[in-house]
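Coordinate inspection notes
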6 protein chains.
Amino acid sequence: MSGDVSRFPVVELDGLPEDLRERVGAIAEKSGFVPNIFRALGHRPAELRAFLDYHDALMDRSDGLSKAERELVVVATSSANHCTYCVVAHGAILRIRAKDPELADRVAGNPWQVELDERGRAIVDLALALARDSAKFGEADLARARAAGLTEDEIWDVGAITALFALSNRLAHLTALSPNPEFFTMGRPAQ
Amino acid sequence: MSGDVSRFPVVELDGLPEDLRERVGAIAEKSGFVPNIFRALGHRPAELRAFLDYHDALMDRSDGLSKAERELVVVATSSANHCTYCVVAHGAILRIRAKDPELADRVAGNPWQVELDERGRAIVDLALALARDSAKFGEADLARARAAGLTEDEIWDVGAITALFALSNRLAHLTALSPNPEFFTMGRPAQ
Amino acid sequence: MSGDVSRFPVVELDGLPEDLRERVGAIAEKSGFVPNIFRALGHRPAELRAFLDYHDALMDRSDGLSKAERELVVVATSSANHCTYCVVAHGAILRIRAKDPELADRVAGNPWQVELDERGRAIVDLALALARDSAKFGEADLARARAAGLTEDEIWDVGAITALFALSNRLAHLTALSPNPEFFTMGRPAQ
Amino acid sequence: MSGDVSRFPVVELDGLPEDLRERVGAIAEKSGFVPNIFRALGHRPAELRAFLDYHDALMDRSDGLSKAERELVVVATSSANHCTYCVVAHGAILRIRAKDPELADRVAGNPWQVELDERGRAIVDLALALARDSAKFGEADLARARAAGLTEDEIWDVGAITALFALSNRLAHLTALSPNPEFFTMGRPAQ
Amino acid sequence: MSGDVSRFPVVELDGLPEDLRERVGAIAEKSGFVPNIFRALGHRPAELRAFLDYHDALMDRSDGLSKAERELVVVATSSANHCTYCVVAHGAILRIRAKDPELADRVAGNPWQVELDERGRAIVDLALALARDSAKFGEADLARARAAGLTEDEIWDVGAITALFALSNRLAHLTALSPNPEFFTMGRPAQ
Amino acid sequence: MSGDVSRFPVVELDGLPEDLRERVGAIAEKSGFVPNIFRALGHRPAELRAFLDYHDALMDRSDGLSKAERELVVVATSSANHCTYCVVAHGAILRIRAKDPELADRVAGNPWQVELDERGRAIVDLALALARDSAKFGEADLARARAAGLTEDEIWDVGAITALFALSNRLAHLTALSPNPEFFTMGRPAQ
C-alpha cells in the first residue's frame, strides 16, 4: 500500500545543481540515503536551497535549545498537524538525539499530554500554541514559557522552528510526501 | 521521561479474579507480557470482563472484515483521537496482521490521507466520520461505504469497533495509560 | 416525521437468546416497554451482552456517585455529542432519579453552563473534558475534580461512564436509533 | 438546582412602559404566563420593543414558510448553539404548531441528522449552514435550498430567522436566561 | 471583480415607505450615500424598521460605552465572523470615532491579540467570548469584565451589541452584501 | 494604541550584515521605508537571508501565476490565519498589483466567499484547503484546481506560497509584528 515519493516530479542526487548535489550528498552519505524531502523539492532548486538554509539556521544552531529539544518541537507540531513524513523522519532523529527509543512515538501519539519534564513541557506547550490556532498566540503563552526558564532566544527558536515546520508540514501535505523506509526503524532497539 | 502505567491503581495478573487471571494469562502467554490496559482495568474486574467480552466479540469475529482491517479501524480512529496507548499497541498488532512494517505508522501519521486501496479507504473514511464529529454521521457516509462494496455487517463492524475504541481511547486518556515497551518494536523488521 | 427504530435489523424480545431474553425482559417489565437500544443491538447477542454488563457495572454501582449523578454524566456528555436517543432516554431516567422535572432539559440544553451545585458542576466539567477533545484531558482536569471533593473512585466512575457513552452515542448515531415514545414523557409532571 | 430568571435586572409586566405592557400582556394572557425573555429584556424598553417588532415581522408572517417551519428553524439553530431558553420555549411552541409531541426533542437532540421530509431537511440544512460557521455560507447552500423547492422569499425567511435567533441565543447566554416552568411541558401528551 | 449589492432584491431610497425614506434619507445625507445594508433590507420594511430601531437603541446610546467602544465591539466580532460588509463599513466608522486611522485594520486583522488598553481588551474579550462559541459563555467571562471595571450596564451593552451583530453578520452572509465603495477609504488619511 | 514593532530585538538597516543591508536597502529605496518584517528578523541574519531567498523564489517567479495572483494567495491565507501584519502589508501590495482598491479588503474580510472569477476562486480554495486543516488536504482539492485549469506548476506555487506564509504568519504572531503605517494606505485612491 506504500505510495510514490511525491505527487510532483522527483529529482535524484545527480540531477541537482552542483551546490545542492554536494550539500544533499553530504547528508546522504551520513544517513545512508537521500531523505525524500530533498528529492521532492529538487525540481525547484532555489526553494530547496532556501529550505536547507532555513533548516540549518534553526536546527544546527549550537546555543540555547539542545538538538533533541529542537527535534521535540518538530515532532510535537508535526503530530498536531498530522504530517506523516515529518513525524516519521524527525521521530527517527529524535530517537537518536534523545537516546530514547520511545519518546518520539509518545510525543507523536499525543503531544498535548505526553509526560515530559517541566522544561520539555514548556517547550512543547509553546510550540503547540503557535502551531495550531496561532491567531490566539499571545503574552500568556510567552509568560508560561518564561516562567519555566526559557530565555528570549530559546523562545524565538521554539517559535521559529514551529513556523518552519508549519511550512514543511504543508509541503509534505501538498506533495503527499512519503517517508524513506529507513526512517521507520532508525534509532529503534534491535529486537 | 517514560511515566508510570496508569494514574489509578494497577493490578498484576495474580491479583485478578480467577476467570480474568486465566483469560489475561492466556493473552500474556501469547504476547510474552501483560498488556498494560489489563493491568489498568484490573481494579474493576466487572468492567475489565465486559471490556474483554466486547473486544473479543468485535475483534475476533471471523467473517466480514479481516483481522488487519479491524486493526486498521482501531489505529485510524485512535490516531484521530491522539490516543498514544491504542496507536502504539494496536499499531504493533496491525504491523503483524497486515504483514506491513510501515502501514501502522502511515495510518497513525495521517488517517485522513494515507494511501489505501479503495476498500481500505472506505473503511477508514467510515470510521473517521463516526469517530470524531459523530453528530453529523449520516446516510451520505453509509452510501459511500456501500458504494465501495462494504456489506451491512461490515459497516456495523466498522461502526462498532470505532465506538468501542471511542471508549477505549477515553479510558487511556483518563488513566494516562502507558504502552508496554514491547509494543514499540513488535512487528518491525530487524535492523 | 418519526423514523424507524434502527438502520440495521431489529430483534424483538422473543428472538433473543435465553439469557438476554430474561435480562432484557426484566428491564421491559420494570419500564413497561423494551428500550430500543436492546432491540437494535439484539442481532449481535455477544455485543449486547457485553454492553449490558458494562452498563450495569457502571450504572448500578452503589457506592460513590449517586444514581442521579451517574445519569447526569450520561445526559451531559450525550448532549455534547448531540445523541438524541441517549439524551431522551437517559433524560427520562434523570428526571426520575433526581426527582426534578426540569434538570434533564436544562443539562441537555447546555451542559457547559447549566447551573449546578459545586459537586454537580465538577462532575459535569470532568465528563465534558473527556467526552469531546479527550486528547487534551489531563492533570488540570483531575485537579479541579479533586478540589471539588471527588474521590479517585468517583473520578474513575465519571470517566468510565463518559467513555461508555462515547461508545453508546456512536452506536446510536450508527443506527439512527430512535427513542421509544415513552421516554419523551417519563418523569414529567402531569399537566 | 434551578437558577434565577436572569443575571440582570428583571422587570415585571406592570413595570413596563404602557405600549409594552399591553403587548406583552396580550402574550401573557394567551400563554397564561409572561415568558421570561420579556421580563429579562424589560429593563431596556427600546431594545425589547425592537426585539418584539423583529420577532413579529418574521415569526407571524403568513406567507411562505408555515408557522411550524419557522419554529423548526428556531429549535434547530438554538440547539446547534446550545441555547437552553430558546430550545425549551420554542420547543414547546413547535410541539403545538407541528402537532407532534416528539419532533422538538428530536430536532433539539440532533438537528443535523433528525429525520425530516425533503423540504424540512432543506430548511434545517440552510439554517444550520448560516447559524454556525456563517463565513462559509454561500452559493452551494442556496443551490441546495432551491433544488428542494424553497422560494427566494422562503430562503430569506429561513436566513433571517436564523439571524434573529443568533441574536436571541446570545442574549439568553448573556443573561443565563431561565425558561419558565410551563414551557417544559406545554404541548406534551397527558401521561 | 466586485459583485452586486445583494443576492436578493434591492430597494432604493425612493422605493421605501415614507418613514424609512426619511430615516434612511437622513443617514444618506450625513454620509453622502445610502449604506447598502439599508438597500438590501428595504424589500422587507418591517424588518428594516426593527433593525434600525435595535441598532439605534444600542449604538446611539449616550451613557456607558463610548461611541468608539461600541464600534470596537462591532469590528472585533464581525472580524471573528469574517463578515466583510460589517468589517469594512464599521471599520470606517471606527476610524472616525476613534480618530485613529489604523485601529480598525488592526482589530479586524486579529481581534484576539490586537494591542489595546486594559478596558479595550476587556470589552473585546467579552464580545469575542459571546460572539463565537456562546454556549460556553459564563461567569468567568463576566468576572474578567467586572475586574476590568466594566459596569453591569456596560456589560449588557457589549453583550447586546455582539448579539445584534451576530444577526447583522448573518444577514450580510445571507445576502453576500457588498460594502459601498466609500467605506473603504472613509477616515483614512489623505495620502 | 499602536504597539512597538516586535516583541524581540529590532535591527535597523545599518545594523545588518552587508549583503542584507544592500538587499533590504534596495527594497526600502523602492518602498520608501523598511518593512518591519526585515527589522524584526534582522537579529537572526541567517534566518532573514533564508526568508528573503524563499520569498523571492516564490513571489518574484515570472511564469505561471501572475504577481497579483501570488499576493491573492498571501492575503487569503493570512486572513484565514488572522495575521494582521501579512494582511495589511500584502493587502497593500495586492491593491497595487491587481490595480483594484477594494480587492484586498474583500479577500481579507472573507476569503472563503469573496466573489472572484473561476481561476481566482480555484487559487484561493486550494490555498485555504492547505492553509488551515492541512491534514485533510488531498486529491479532491487537487482535482478541483486542475478542473479550473491550473497547471501542476501553478498548483505547486499556490501550495508553496501558502506554506511560506504559514511560516510567515507564525513569525508575525510570535513577534506581535506591527505593520508599518505606510502599508495601511498604499494603493488606496486619493480621497
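Everything numeric in this text was worked out from a predicted model, so none of it was measured. (Residues numbered from 1 in each chain as written. Chains lettered and ligands numbered in written order. Predicted model: local features only at pLDDT ≥ 70, side-chain atom pairs only at ≥ 80, totals over all residues. Heavy atoms only, no water.)

1. Observations regarding the domain arrangement of chain A
All names here are of chain A. This is how the line gets drawn: For the domain bounds, the source is a domain assignment made automatically or taken from a database. It only takes one pair of heavy atoms within 4.5 Å for two residues to be counted as in contact. Here the quantity called buried area is the total loss of accessible area, with a 1.4 Å probe, experienced by two parts when brought into contact, counted for both. Put simply, a salt bridge is a Lys or Arg side-chain nitrogen that is within 4 Å of an Asp or Glu carboxyl oxygen. In protein, a polar contact requires one atom able to donate a hydrogen and another able to accept it; more generally it is a pair of N or O atoms within 3.5 Å, and residues adjacent in sequence count only if both atoms are side-chain atoms. Strands here mean DSSP runs of E at least two residues long; helices mean DSSP runs of H or I at least four residues long; both are numbered from the N terminus.
When cut into domains, chain A gives domain 1 (2–60) and domain 2 (67–175). Taking only C-alpha atoms, the centre of domain 1 and the centre of domain 2 are 23 Å apart. Between domain 1 and domain 2, the residue contacts involve 14 residues of the former and 17 residues of the latter. Of the roughly 1300 Å² buried where domain 1 meets domain 2, counting both sides, 69% is carbon and sulfur surface. Contact with domain 2 buries area across many residues of domain 1, yet Phe51, Leu58 and Met59 alone supply 48% of it, more than any other trio. Across the contact surface, domain 1 and domain 2 share zero salt bridges. Counting across the domain 1 and domain 2 interface gives six residue pairs in polar contact (both at pLDDT 80 or more). Counting only elements with at least two residues in the side of domain 1 that touches domain 2, the list comes to helix H2 (36–41) and helix H3 (45–59).

2. Overview of the relation of the copies chain C and chain D
Stated formally: Alignment of copies: least-squares fit on C-alpha atoms of residues with pLDDT of at least 70 in both copies.
Each copy superposes on the other: chain C lies on chain D with an RMSD of 0.0 Å after a rotation of 180 degrees and an axial shift of 0.0 Å. The relationship between the two copies is best expressed as a two-fold rotation axis. Considering only C-alpha atoms, the part of chain C nearest the rotation axis is Ala190 of chain C, at 3.2 Å. A symmetric contact is evident, with 97% of the interface residues of chain C recurring at the interface of chain D.

3. A word on the interface of chain C and chain D
Defined as follows: By the convention adopted, Pro, Cys, Tyr, Trp, Phe, Met, Ile, Leu, Val and Ala count as nonpolar, Lys, Arg, Asp and Glu as charged, and the other residues, Gly among them, as polar.
Facing 35 residues of chain C, the contacting portion of chain D comprises 35 residues. Summed over both sides, the interface between chain C and chain D buries roughly 2800 Å², with carbon and sulfur atoms accounting for 53% of that surface. For the pair chain C and chain D, the number of links is zero salt bridges. One can count nine residue pairs in polar contact (both at pLDDT 80 or more) joining chain C with chain D. Listed by contribution, the elements that provide at least two residues to the side of chain C that touches chain D are helix H5 (84–98) and helix H6 (103–109) of chain C. Among the elements that take part in the side of chain C that touches chain D, H6 of chain C stands out by supplying five residues, more than any other. In the side of chain C that touches chain D, the residues fall into 14 nonpolar, 12 polar and nine charged.

4. Brief notes about the interface of chain A and chain F
Every contact between the two is made by 43 residues of chain A and, on the other side, 43 residues of chain F. Across the chain A to chain F interface the summed buried area is about 3900 Å²; carbon plus sulfur atoms make up 64%. It is Tyr54, Trp156 and Arg170 of chain A in chain A that bury the most area against chain F; as a group they hold 22% of the surface buried on that side. Linking chain A with chain F are six salt bridges, by the criterion used here. For Asp153 of chain A, the salt bridge identified is with Arg44 of chain F, shortest N-O distance 3.7 Å. Between chain A and chain F we count 14 residue pairs in polar contact (both at pLDDT 80 or more) in total. For the side of chain A that touches chain F, the residue count by class is 23 nonpolar, eight polar and 12 charged.

5. Observations regarding the packing of aromatic side chains
Where we set the bar: Pairing of aromatic rings covers Phe, Tyr and Trp, the last through its six-membered ring, and needs centres within 6.5 Å; plane angles under 30 degrees mean stacked, over 60 mean edge-to-face, and all others mean tilted.
Tallying each qualifying case throughout the model produces 18 aromatic pairs over all chains. Here the aromatic residues Phe33, Tyr85 and Phe183 of chain A are joined through ring pairs into a cluster of three or more.

6. Side note on H5 of chain C
Because an α-helix packs 3.6 residues into every turn, residues spaced three or four apart end up facing the same way. Which entries qualify depends on this criterion: An expected span of 1.5 Å times one less than the residue number is assigned to each helix. Three exposure classes are used, based on accessible area relative to the maximum for each residue type with a 1.4 Å probe and protein chains only: buried under 20%, partly exposed in between, and exposed over 50%.
Here H5 of chain C contains 15 residues, and its C-alpha end-to-end distance of 20 Å stays within 8% of the 21 Å for a straight helix at 1.5 Å per residue. Counting buried residues along H5 of chain C, 11 of its 15 residues qualify, which places the element largely inside the surrounding structure. If you check which residues of H5 of chain C are buried, you get Thr84, Tyr85, Cys86, Val87, Val88, Ala89, His90, Gly91, Ala92, Leu94 and Arg95 of chain C. Check the buried side of H5 of chain C and you find it contacts helix H2 (36–41), helix H3 (45–59), helix H4 (67–80), H6 and helix H9 (152–175) of chain C together with helix H6 (103–109) of chain D. Two residues or fewer past H5 of chain C, Lys99 of chain C is found with a positive phi of approximately 50 degrees.

7. Looking at the arrangement of the chains
For the non-touching pair chain B and chain E, the nearest C-alpha separation works out to 16 Å. You won't find any contact between chain C and chain F; their C-alpha atoms come no closer than 16 Å.

8. Here we look at the side chain of Arg170 of chain F
Note the threshold: Counted as positive: Lys and Arg. Counted as negative: Asp and Glu. His and the chain ends are not counted at all.
Examined against the element boundaries, Arg170 of chain F turns out to sit in helix H9 (residues 152–175). Buried within the structure, Arg170 of chain F lacks any salt-bridge partner; its nearest side chain of opposite charge belongs to Asp133 of chain A, at an N-O separation of 7.7 Å. Here the side chain of Arg170 of chain F touches Ala166 of chain F through a polar contact of 2.8 Å, landing on its backbone oxygen. In contact with Arg170 of chain F, other than residues within four places in its own chain, are Leu130, Ala131, Arg132, Ser134, Ala163, Ala166 and Arg170 of chain A together with Asn81 of chain F.

9. Regarding the relation of the copies chain A and chain F
Expressed as a screw operation, the relation of chain A to chain F combines 0.0 Å of axial shift with a rotation of 180 degrees, fitting to an RMSD of 0.0 Å. A shared interface surface links the copies, since 100% of the contact residues of chain A are contact residues in chain F too.

10. Side note on the UniProt feature "domain: Carboxymuconolactone decarboxylase-like" (unreviewed entry) in chain A
Spelled out, the test is: UniProt positions are given in the numbering used here, feature names are shortened, and annotations may be inferred rather than shown by experiment.
Feature annotation in UniProt places "domain: Carboxymuconolactone decarboxylase-like" (unreviewed entry) on residues 45–99 of chain A, given in this structure's numbering. Secondary structure content for residues 45–99 of chain A is 80% helix and 0% strand, while the C-alpha to C-alpha distance between its ends is 34 Å.

11. Thoughts on the confidence of the model for chain A
Rules: Confidence of the predictor at the level of single residues is given by pLDDT, which spans 0 to 100.
In this model, chain A carries a mean pLDDT of 96, and residues with pLDDT of at least 70 account for 98%. If you check the scores for this complex, the pTM reads 0.97 and the ipTM reads 0.97.

12. Focus: the pattern of salt bridges
Tallying each qualifying case throughout the model produces 126 salt bridges over all chains. With a closest N to O distance of 2.8 Å, Arg146 of chain B and Glu152 of chain B form a salt bridge. Residue Arg146 of chain B is classed as partly exposed on the basis of its relative accessible area of 34%. The class for Glu152 of chain B is partly exposed, based on a relative accessible area of 34%. We note a salt bridge from Arg70 of chain E to Asp157 of chain E, for which the minimum N-O separation is 3.1 Å. Placement of Arg70 of chain E in helix H4 (residues 67–80) and of Asp157 of chain E in helix H9 (residues 152–175) is noted, with a sequence separation of 87 residues between them. A single burial state applies to Arg70 of chain E and to Asp157 of chain E, both of which are buried. The network of salt bridges with shared partners includes Arg44 and Glu47 of chain A together with Arg61, Asp63, Arg70, Asp153 and Asp157 of chain F.

13. Focus on the state of the cysteines
Residue and element names in this part refer to chain A. Counted only if it meets this: To count as a disulfide, a pair of cysteine sulfur atoms needs to be within 2.5 Å.
Under the counting rule described, the total for this entry stands at zero disulfides over all chains. The thiol of Cys86 is unpaired, and the distance to the nearest cysteine sulfur, on Cys83, comes to 3.4 Å. Residue Cys86 is classed as buried on the basis of its relative accessible area of 2%.

14. Looking at the environment of Arg23 of chain D
Residue and element names in this part refer to chain D. Among the secondary structure elements, Arg23 is positioned in helix H1 (residues 18–31). Here Arg23 falls in the partly exposed class, since its relative accessible area comes to 25%. For the pair formed by Arg23 and Leu52, sequence separation is 29 residues and the distance between their alpha carbons is 8.9 Å. Residue contacts for Arg23: discarding those within four places in its chain leaves Arg49, Leu52, Asp53 and Asp56. Within the structure, the side chain of Arg23 is placed 3.5 Å from the backbone oxygen of Leu52, a separation counted as a polar contact.

15. Brief notes about unusual backbone geometry
Residues and elements named next belong to chain A. The residue His82 is not glycine, and still its phi comes out positive at about 50 degrees. On the secondary structure map, His82 appears in the loop between helix H4 (67–80) and helix H5 (84–98). A residue is classified by how much of its surface remains accessible, and His82, at 7% relative accessible area, is buried.

16. Focus on the packing of helix H7 (residues 118–131) of chain E against H9 of chain E
Residues and elements named next belong to chain E. The following threshold applies: Geometry is summarised by axes, namely lines fitted to C-alpha atoms with helices restricted to the contacting stretch, and by angles between N-to-C directions that run from 0 to 180 degrees. With respect to orientation, any angle under 35 degrees is reported as roughly parallel, any angle over 145 as roughly antiparallel, any angle of 65 to 115 as roughly perpendicular, and every other angle as oblique. Whether a crossing is left-handed or right-handed is set by the direction in which the near helix is turned from the far one by less than a right angle, anticlockwise for left-handed and clockwise for right-handed.
Running from amino to carboxyl end, H7 crosses H9 at an angle of 45 degrees, the nearest separation of the two axes being 9 Å. Relative to H9, H7 is oriented oblique. Where H7 crosses over H9, the handedness of that crossing is right-handed. Contact residues: Arg119, Ile123, Leu126, Ala127, Leu130 and Ala131 in H7; Glu154, Ile155, Val158, Gly159 and Thr162 in H9.

17. Structural notes on helix H3 (residues 45–59) of chain D
In this model, H3 of chain D (15 residues) spans 20 Å end to end at C-alpha, consistent with the 21 Å of a helix rising 1.5 Å per residue. Taken together, the buried positions of H3 of chain D are occupied by Glu47, Leu48, Ala50, Phe51, Leu52, Tyr54, His55, Ala57, Leu58 and Met59 of chain D.

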